[in-house]
Structure formats: C-alpha cells, structure tokens
Amino acid sequence: MLKGMYSGSFDPVTIGHLDIIERGALIFEKFYIAVANTPKKNYLFSKEERKEMIRAVTKHLKNVEVVVCEQLLVDFAKKHDIKYILRGLRAVTDFEYELQMADTNKVLNPEIETIFLMADTKYSYLSSSIVKEVASYNGDIQSFVSPLVEEKIKNRFK
C-alpha cells in the first residue's frame, strides 16, 4: 500500500491546505495528515481542536487519517511504514526552508522521500498567519477557510 503524509500546524486549516490534502489523497492509497504540536509555538487552537477541524473538512476523503504528531516526523513515518512526505510550496520563499527540512529528514531516515506539490496559484498567497491576522481585525475570512473553520475562528476572537 502506498502511504504518504502531509504535516503542518494547521492553525487554522485553510482552503490552501485543503487543496494540497485533496490532491495528496489522489496520489496515496493511505494519506496521513499530521498535526504538528511544537511546544515553542503559541497556537490559536489546541492540537485536538486542529485535528477535529481537519477531520471535519476532510470527511469526504476516505483514505485520509488525521493524527497529532508530537515526535520527529521521520520517526512517525517509520513507525507507520510511510515512505513519502508531501509538502506544499506557495512561493520561492517556502522552498529554501522546505529543502532544508527535506534534506534533514533524508539524513535522519534515508528511506524517506519528500515530494513537493506546488500550491494552486489561487492559494499561493494564503497562510494560517494571514487568516488569523485578518480575523483578529474582524475582517472577512470566508474566502480563506471553510465555513466550519470560519465560525470557530470568529468565536475564538469574540
């Protein structure tokens, strides 16, 4: 079985993330979405809230499993016999960081391959940080996230 994974903070999950997830689900028979929970970051939503939001917006994808990953990605991959990490690239600025991570992962586990998937041009500007900033000023975020996620964000900023 061809397994892959896509990881991120997803704080919150955007329609850009969802686009990468849907396209990744077409590539892999089993596709894990790993919610990262880095202790040094301040999140708007808890790891469980982020996991549940992703589950809700991906329920139509039967081969997707959403998990919280609190270990090295390569260790999680090895434990679940995953050979491919999918990463979305929005712009050239993403590439430098993602290449560094891919190279690090390859050193830590030579069996891991990183696949880069270009963001759809209509989402290339979009990030969770932008969504949170617009929402913090009571701006309209309906073009950036699903209605469910929009409601959760608005409730958080009340």
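Conventions adopted
- Residues numbered from 1 in each chain as written.
- Predicted model: local features only at pLDDT ≥ 70, side-chain atom pairs only at ≥ 80, totals over all residues.
- Heavy atoms only, no water.
- Pairing = 2+ DSSP bridges.
- Helix = DSSP H or I, 4+ residues; strand = E, 2+ residues; numbered from the N terminus.
- Axes fitted to C-alpha atoms, helices over the stretch in contact; angles between N-to-C directions.
- Contact = heavy atoms within 4.5 Å.
- Salt bridge = Lys/Arg side-chain N within 4 Å of Asp/Glu carboxyl O.
- Buried < 20%, exposed > 50% of the residue type's maximum accessible area, 1.4 Å probe, protein only.
- Parallel < 35°, antiparallel > 145°, perpendicular 65-115°, else oblique.
- Nonpolar A, V, L, I, M, F, W, Y, C, P; charged D, E, K, R; others polar.
- 1 Å grid on protein atoms, 1.4 Å probe; cavity = no way out; pocket = protein on both sides within 12 Å on 5 of 7 lines; lining within 4 Å.
- Points joined across faces, edges and corners; volume = space filled by probe spheres on them.
- Arc of directions from axis to C-beta.

(A) Spotlight on the sheet that holds strand S4 (residues 84–89). Sheet architecture is open: 5 strands sit in the order S3-S2-S1-S4-S5, paired in parallel fashion. Strands with a single pairing partner mark the edges of an open sheet, and in this sheet they are strand S3 (64–69) and strand S5 (113–118). Sheet twist, expressed as the average angle between the axes of neighbouring strands with direction ignored, equals 30°. Pairing of strand S1 (residues 3–8) with S4 involves 3 bridges; the strand directions are parallel. Bridged to Gly4 within S4 is Tyr84. Running at roughly 150° to strand S2 (residues 30–36), helix H1 (residues 15–27) makes contact with S1, S2, S3, S4 and S5 of the sheet. Of the strands in this sheet, S2 and S3 are in contact with helix H2 (residues 47–57), which crosses S3 at around 170°.

(B) Fine view of the environment of Val131. Position of Val131 relative to the elements: it lies in helix H5 (residues 128–136). Once the C-alpha coordinates of Val131 and Val67 are considered, the two residues, 64 residues apart in sequence, prove to be 23 Å apart. Beyond its immediate sequence surroundings of up to four residues, Val131 is in contact with Pro12, Thr14, Leu126, Ile141, Phe144, Val145 and Ile153.

(C) Structural view of the pattern of salt bridges. Considering all chains together, one arrives at 12 salt bridges under this definition. Of the charged contacts, one joins Lys132 and Asp11 as a salt bridge, the two residues approaching to 3.2 Å between their closest N and O atoms. Residue Lys132 is located in helix H5, and its partner Asp11 is located in the loop between S1 and H1; the two are separated by 121 residues in the primary sequence. Look at Lys132 and you get partly exposed, because its relative accessible area is 22%. Take Asp11: its relative accessible area is 3%, and that puts it in the buried class. The salt bridge partner of Arg87 is Glu98, with a shortest N-O separation of 2.8 Å. Of the two residues, Arg87 sits in strand S4 while Glu98 sits in helix H4 (residues 92–108), which places them 11 residues apart along the sequence. By the burial criterion, Arg87 is buried, and Glu98 matches it.

(D) Representation of the side chain of His17 within the structure. With respect to the element layout, His17 can be found in helix H1. The class of His17 is buried, set by a relative accessible area of 16%.

(E) Structural context of the packing of H2 against helix H6 (residues 147–156). Where H2 contacts H6, the two axes come as close as 10 Å, and the packing angle between them is 155°. Viewed along their axes, H2 and H6 adopt a mutual orientation that is roughly antiparallel. Between H2, through Glu49, Met53, Ala56 and Val57, and H6, the contact on the second element is made entirely by Leu148, Val149, Lys152 and Arg156. Its residues placed into classes, the contact of H2 with H6 shows 5 nonpolar, no polar and 3 charged.

(F) Representation of the layout of surface pockets. When its volume is computed, the largest pocket comes out at roughly 1,200 Å³. Taken together, 45 residues line the largest pocket, and the ones lying closest to its centre are Ser7, Gly8, Ser9, Arg87 and Tyr97. Of all the elements in the fold, those that place two or more residues in the lining of the largest pocket are S1, H1, S2, S4, H4 and H5. Residue contributions to the lining of the largest pocket peak at 8 residues, all from H4.

(G) Seen up close, H6. Along H6, the residues that are buried comprise Val149, Glu150 and Ile153. Buried residues of H6 fall within an arc of 105° about the axis and therefore sit on the same side. Within H6, the exposed residues directed more than 90 degrees away from the buried face are Pro147 and Glu151. Packing partners of the buried residues in H6 comprise H2 and H5.

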